[in-house]
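Structural features, examined
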Amino acid sequence: MPADSTYSTPFDTATFIIPAEWHAFSDLLGGADTGLLFLRDGIVLHVNPTLASQLGYDEDELSGQPLESLFLRQDGDAVQPPANDGSHIRLRNKNGTAHDFLLIANRVDTLTGAGCVIWVLQPLLSKREIDAPDSPSRLRAITEHLPDLVMVCDPDGSISYANKAYDNLAGSQGRSVADLAHEEDRPGFQRALAEATESGRTGHLAFRLKSRAGGWRHVAGEVRNLLADEDIGGLLLNLRDVTEETQRQQDIAAEKKRQLHYLTRLLQTAQHPHANFSSALKVILKSAAKALGTHRCAYWDVHDEAARTLCMLSYDETKQNFIEEKVDQAGGSLHPLLRNVLRTEHQLVIADVDQDPRAALYCEYFHAHSIKAVIAMPVKHNDKYVGVLMLSHFGQARQWRRDESEFAESVAGVVSLILREVERVRAEAQAKHFARHDRLTGLPNRDSLLDQAADIFPKLTAKANTLAAFFIDLDGFKEVNDNLGKDVGDELLKAAAMRLRNVVRKNDIIARLGGDEFLLLAVNLSDMKIADDIASQLVDTMRGAFSVGGHKVQISASVGIALYPFDGTDLDTLMRKADIALVEAKRSGRDQYQMFRPQLNDGLPPTTRSGRN
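Report on the accompanying structure. (Residues numbered from 1 in each chain as written. Predicted model: local features only at pLDDT ≥ 70, side-chain atom pairs only at ≥ 80, totals over all residues. Heavy atoms only, no water.)

To continue, consider the pairing of strand S3 (residues 35–40). Of all the six residues making up S3, five are buried; the element is thus mostly covered by neighbouring parts of the structure. Here five bridges tie S3 to strand S9 (residues 117–123), and the two strands are oriented antiparallel to one another. Bridge pairing links Leu37 to Trp119 in S9. The pairing of S3 with strand S4 (residues 43–47) spans four bridges and is antiparallel. Across the sheet, residue Phe38 finds its bridge partner in S4, namely His46. In this antiparallel pair of consecutive strands, S3 and S4, the connection spans two residues, and Asp41 shows a positive phi of 55°. (Buried < 20%, exposed > 50% of the residue type's maximum accessible area, 1.4 Å probe, protein only. Helix = DSSP H or I, 4+ residues; strand = E, 2+ residues; numbered from the N terminus. Pairing = 2+ DSSP bridges.)

See below:
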């Protein structure tokens, strides 16, 4: 509380001025009960009214007295104690009794021209006075032991008092809270102080405060306007260090954001099912584990036979990776449990595998994997349950909430959508494939051959490497098909197609035209001898016996060849002339190849064999 700054003195000047700065300094160090003692050459120049009152003197009664007159005497001599900061000073009251003080500061006055020394003294109360319920020292002691930060500030944030908790956190970095507030939070802090000053209402504070260690601590609390209170005379700030709680809330918010991210990924997967089952399953399992906050999520493909039941994929949150898992690990088979989930067509929810009798037979497996709680959800595909989605929690029991089990059911539904999409895309791809491929042998069909030829022939020129068309017919196939049946005949065609495929070079095209007829387009022939070599391989590959349908059968191949550009410059012409050469090979005894030559046209009917097929 500010004191009068003008005092009378018996010295040179008519008045002795105690600067306002010294009053502020004394209040800052000790408060309103702080005494000021002004000395020069061991003579008391002046005392402030507070110290005079504490010693029982009038305000000007001590001026001009020697300092030793204030000390207690021992054996007739005055005992002067050390005058260092923090020293215990015992002064004599007017009535001769002792009064104890703490020397807060011993300073040379540089604020005035008096050239004196100033002692700043704070009274030390007796135990009786300290124990008094309304004692300022008792209240101050209580404040000093509070874990909360307690400060008294001016409206601009300048600190007039701060308790030990504040000093422990912020230290003596500055005497303004505003200066220690984070620059992003400072405007809000200053605005809260201004509103409390103007309105008189209690305001809420939350900001980052620079710690003495150099980092930032989150503090929160309130500011009360006690400027009119004669004992406080400022804004009372009561703050609590909420850094750990703030971090926890930030972690929770980040976790919720992360869960929302993975829920969004699941929703996107459901809205746009992925035809790649493995990739889609990775997204589903990882997203489900993270969104539900569980440790493992796996999908099991379940069959009647334990040997065929397998874990398609498993995501382990503790390892942050996908892992392989086997049905018979740890010596205990999980197959009966999985089969039972499919049989009942209902989810299995277990909060504690050690307490639930339904898990008793599988505890060996669960213990080996540290699994303590489980949700097993059947997955349906078309009209049949085909798999199990299993979510596992490690280490401790977990009381699954109803919304969590419903979430697991939704995830199983997303897996069903993926299975359906995979089947749809596979069916479309298969239909597209068979539109251009022979269903029996898997070779390109006539349509595919024509499409590829339409791309090849426009790029050929007379000077380019030549191309050869090989018309292939299986000798003796009709007899096998008639005598041993269509099934054996089909197996023979597939086996023959496999042998032909093994002869074909990488960029050549082999197609089944129908029945037992095939056509090979060999491109980039730099030498006519290459055509002879290919034809020889085609004939030779059919000479070995075939084992089909429990029968050993022997067939051969006849091959007719036409060359680009000598025998034709388009596919139709080359096929027709290769077919003429094929007829000649059969006339000549079969099991051989013939090159087309113009004289083979004489005597042949206008319709070729390829046309009849």
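Now that the structure is up, let's keep going.
Turning to the sheet that holds strand S15 (residues 296–301), a few remarks are in order. Spatial ordering of the open sheet is given by S17-S16-S15-S20-S19-S18, a layout of six strands whose pairing is antiparallel. With one partner strand each, in any of the chains shown, strand S17 (321–323) and strand S18 (348–350) form the two edges of the open sheet. Recorded for the sheet is a direction-independent mean angle of 20° between the axes of neighbouring strands. Relative to S17, strand S16 (residues 310–316) is paired through three bridges, and the arrangement is antiparallel. (Axes fitted to C-alpha atoms, helices over the stretch in contact; angles between N-to-C directions.)

Moving on: the packing of helix H8 (residues 243–271) against helix H9 (residues 277–292). Look at H8 against H9: their axes get within 8 Å of each other, and the N-to-C directions meet at 150°. In terms of orientation, H8 and H9 fall into the roughly antiparallel class. Our pair here, H8 against H9, has a crossing hand that is left-handed. Of H9, the residues touching H8 (which contributes Glu255, Arg258, Gln259, Tyr262, Leu263, Arg265, Leu266 and Thr269) are Val283, Ile284, Lys286, Ser287, Ala288, Lys290 and Ala291. Looking at the contact of H8 with H9, its residues break down into seven nonpolar, three polar and five charged. (Parallel < 35°, antiparallel > 145°, perpendicular 65-115°, else oblique. Left-handed = near helix turned anticlockwise from the far one by under 90°. Contact = heavy atoms within 4.5 Å. Nonpolar A, V, L, I, M, F, W, Y, C, P; charged D, E, K, R; others polar.)

As a further point, take the nonpolar core. Grouped together as the largest cluster of nonpolar side chains are 34 residues, with contacts concentrated most on Phe470, Ile472, Leu474, Phe518, Leu520 and Leu538. At the level of secondary structure, the elements contributing two or more residues to this core comprise strand S21 (466–475), helix H14 (477–484), helix H15 (486–503), strand S23 (517–525), helix H16 (528–541), strand S24 (546–548) and strand S26 (556–564). Counting residues per element, this core draws most heavily on H15, at seven residues. When sequence neighbours within four positions are dropped, the list of residues in contact with Leu474 reads Leu493, Ala496, Asp516, Phe518, Met542, Ile555 and Ser556. With 32 residues, the next largest nonpolar core counts Tyr262, Ile284, Val379 and Ala408 among its residues. (Core = buried A, V, L, I, M, F, W, Y, C linked by side-chain atoms within 4.5 Å.)

Further remarks concern the packing of aromatic side chains. Each pair of aromatic rings is reported with the distance of its centres and the angle of its planes. Scanning the entire structure with this criterion turns up five aromatic pairs. Geometrically, the ring pair formed by Phe457 and Tyr564 is edge-to-face, given 5.9 Å between the ring centres and 75° between the ring planes. Taken together, the residues span a long stretch of sequence, with Phe457 in the loop between helix H13 (446–456) and S21 and Tyr564 in strand S26 at a distance of 107 residues. An identical accessibility class is assigned to Phe457 and Tyr564; each is buried. Its guanidinium or amino end placed over the ring of Phe322, Lys282 lies 5.7 Å from that ring's centre, counting from NZ or CZ. (Phe/Tyr/Trp six-rings, centres within 6.5 Å; stacked < 30°, edge-to-face > 60°. Lys NZ or Arg CZ within 6 Å of the ring centre and 35° of its normal.)

With that out of the way, let us pick up the pattern of salt bridges. Pairing between side chains becomes possible if they bear opposite charge and their charged atoms approach one another. With the rule as written, the count across this model stands at 35 salt bridges. Close ionic contact of Lys486 with Asp490 constitutes a salt bridge, the shortest N to O distance being 2.8 Å. Taken together, the residues span about one helical turn, with Lys486 and Asp490 both in helix H15 at a distance of four residues. Overlapping salt bridges, with partners in common, bring together Arg398, Arg401, Asp403 and Glu404 in one network. (Salt bridge = Lys/Arg side-chain N within 4 Å of Asp/Glu carboxyl O.)

The next thing to look at is the environment of Asp579. Mapped onto the fold, Asp579 is located in helix H17 (residues 571–587). By relative accessible area, Asp579 is classed as buried at 0%. Here the alpha-carbon distance between Asp579 and Gly560, two residues 19 residues apart in the chain, equals 5.9 Å.

With that settled, consider helix H7 (residues 186–199). Along its 14 residues, H7 runs 20 Å from first to last C-alpha, staying within 8% of the 20 Å computed at 1.5 Å per residue. Within the span of H7, buried status applies to Phe189, Ala192, Leu193 and Ala196. Buried residues in H7, looked at end-on, bunch into an arc of 95°, giving them a common side. The elements touched by buried residues of H7 are helix H6 (177–180), strand S12 (203–210), strand S13 (216–226) and strand S14 (234–241). Gly200 occupies a position one or two residues after H7 and carries a positive phi of about 80°. (Expected span 1.5 Å × (residues − 1). Arc of directions from axis to C-beta.)

The next subject is unusual backbone geometry. Of note, the bond from Tyr564 into Pro565 is cis; its omega dihedral lies within 30 degrees of zero at 0°. On the secondary structure map, Pro565 appears in the loop between S26 and H17. The phi torsion at Gln320 lies on the positive side, around 55°, for a residue other than glycine. In this structure, Gln320 sits in the loop between S16 and S17. Here Gln320 falls in the partly exposed class, since its relative accessible area comes to 48%. Non-glycine residue Arg590 carries a positive phi angle of around 65°. Summarising the element assignment, Arg590 is placed in the loop between H17 and strand S27 (593–595).

Another point: the sheet that holds S13. The sheet built from five strands is open, its strands ordered S11-S10-S14-S13-S12 with antiparallel pairing. With partners counted over all chains shown, the strands left at the sheet margins are strand S11 (159–162) and S12, one partner each. The sheet shows a mean angle of 30° between the axes of neighbouring strands, direction not considered. Note: S13 against S14, eight bridges, orientation antiparallel. Looking at the pairing, Val223 lines up with Leu237 of S14. Running over the sheet, H8 touches S13 and S14 and is turned about 120° from S13.

With that settled, the discussion passes to the side chain of Asp475. If you trace the backbone, Asp475 turns up in strand S21. A distance of 2.4 Å separates polar atoms of two side chains, one belonging to Asp475 and the other to Lys586. Polar contacts involving the side chain of Asp475 include one to the main-chain amide nitrogen of Asp591, which spans 3.1 Å. When near neighbours in sequence (up to four residues on either side) are disregarded, Asp475 contacts Ile555, Ser556, Ala557, Ser558, Lys586, Arg590 and Asp591. (Polar contact = N/O pair within 3.5 Å; in protein donor to acceptor, adjacent residues only side chain to side chain.)

Taken together, the side chains of Leu139, Ile142 and Leu146 present a nonpolar region at the surface, about 250 Å² in accessible area. In this structure, Leu146 sits in the loop between helix H4 (136–144) and strand S10 (149–153). On the accessibility criterion, Leu146 (36% relative accessible area) is partly exposed. (Patch = residues over 30% accessible without salt bridge, like charges linked within 9 Å, V, L, I, M, F, W, Y side chains within 5 Å. Areas by Shrake-Rupley, 256 points an atom, 1.4 Å probe, with all protein chains shown as cover.)

Before going further, it helps to examine the side chain of Arg512. Relative to the helices and strands, Arg512 resides in strand S22 (residues 509–514). A distance of 2.9 Å separates the side chain of Arg512 from the backbone oxygen of Gly515, its partner in a polar contact. For Arg512, the contacting residues outside a window of four places in its chain are Asp438, Leu440, Thr441, Leu443, Pro444, Asn445, Arg446, Leu493, Glu517 and Phe518.

Everything listed here is a matter of coordinates, which is why it stays silent on function.
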